[in-house]
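Take a look at the letters that make up each chain.
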Amino acid sequence: MKFLAFADLHEDKRFLKQLLERARQEDVEFLVCAGDLTQFGRNLRYVLKQFNDLGKKLYLIPGNHESDKMLSEVLPDYPNCSNFNCGTVEKGGYIFLGYGEGGFSSEDSAFRRVAREWYGKYNGKKLVLVTHGPPFGTKADFLDNQYIGNKDFRAFIERIKPKLAICGHIHETAGAVDKIGATNVINPGWEGMIVELS
């Protein structure tokens, strides 16, 4: 299974064009966005239409520049684009767990509630965690000589051990690759990364 992951596009037309060109390649089965397609919702319909017209599925979560409400109002017009915030998507034997919005908090009680439900349902399954903000203590959240990521995301990763954690939000760490135990952690940034899982 091969897909294109990205985050923090912020409606940049140059990087949008590059992502679309890569996504059109036959080896890319679908796309995953870890939030911030736009700049505070501006041109959301335009960006979604570009991805929708690919004819491949885009699974996304809102970043801190979108909201569930904003996405729910427009996504019915773009059937190839699906918001899985606080939900799941099953692809290729993996369950993708999505948690978006925010990105600035070091702790998140709402995530802990969702995480408890996920742990009860999906512990022992093949998992990919997709969050907008990064987990604490990796190259993906290291900024100004300190770690600024989310400790609840990290605790969940340590507990449930997904194969992969995809995040964004911290522009300075775009392209970062690290590990938490056996879990690969990536911030694919606006240039995107091809991910292959078997």
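It should be noted that the structure appears before, not after, this text.
Residues numbered from 1 in each chain as written. Predicted model: local features only at pLDDT ≥ 70, side-chain atom pairs only at ≥ 80, totals over all residues. Heavy atoms only, no water.

Visitor: Where do I start with unusual backbone geometry in this structure?
Guide: When glycine is set aside, most residues are seen to have a negative phi, and most peptide bonds are trans. Residue H10 is not a glycine yet carries a positive backbone phi of 50 degrees. Tracing the backbone shows H10 in the loop between β1 (2–6) and α1 (13–23). On the accessibility criterion, H10 (12% relative accessible area) is buried. Look at C86: it is not a glycine, yet its phi comes out positive at around 60 degrees. Position of C86 among the secondary structure elements: in the loop between β4 (81–83) and β5 (87–91). C86 sits in the partly exposed class, given a relative accessible area of 41%. (Helix = DSSP H or I, 4+ residues; strand = E, 2+ residues; numbered from the N terminus. Buried < 20%, exposed > 50% of the residue type's maximum accessible area, 1.4 Å probe, protein only.)

Visitor: Explanation requested: the pairing of strand β7 (residues 127–131) in the structure shown.
Guide: For β7, a buried count of five out of five residues is recorded, marking the element as mostly surrounded by other parts of the structure. Burial of β7 is two-sided: the residues L127, L129 and T131 facing one way and the residues V128 and V130 facing the other way are all buried. Relative to β7, strand β6 (residues 94–99) runs parallel, the two being bridged by five bridges. Paired with Y99 across the two strands is T131, which belongs to β7. Note on the crossover from β6 through helix α4 (residues 109–122) to β7: the handedness is right-handed. As paired strands, β7 and strand β10 (residues 164–166) are joined by three bridges and run parallel to one another. (Pairing = 2+ DSSP bridges. Right-handed = clockwise from strand over helix to strand, strands pointing away.)

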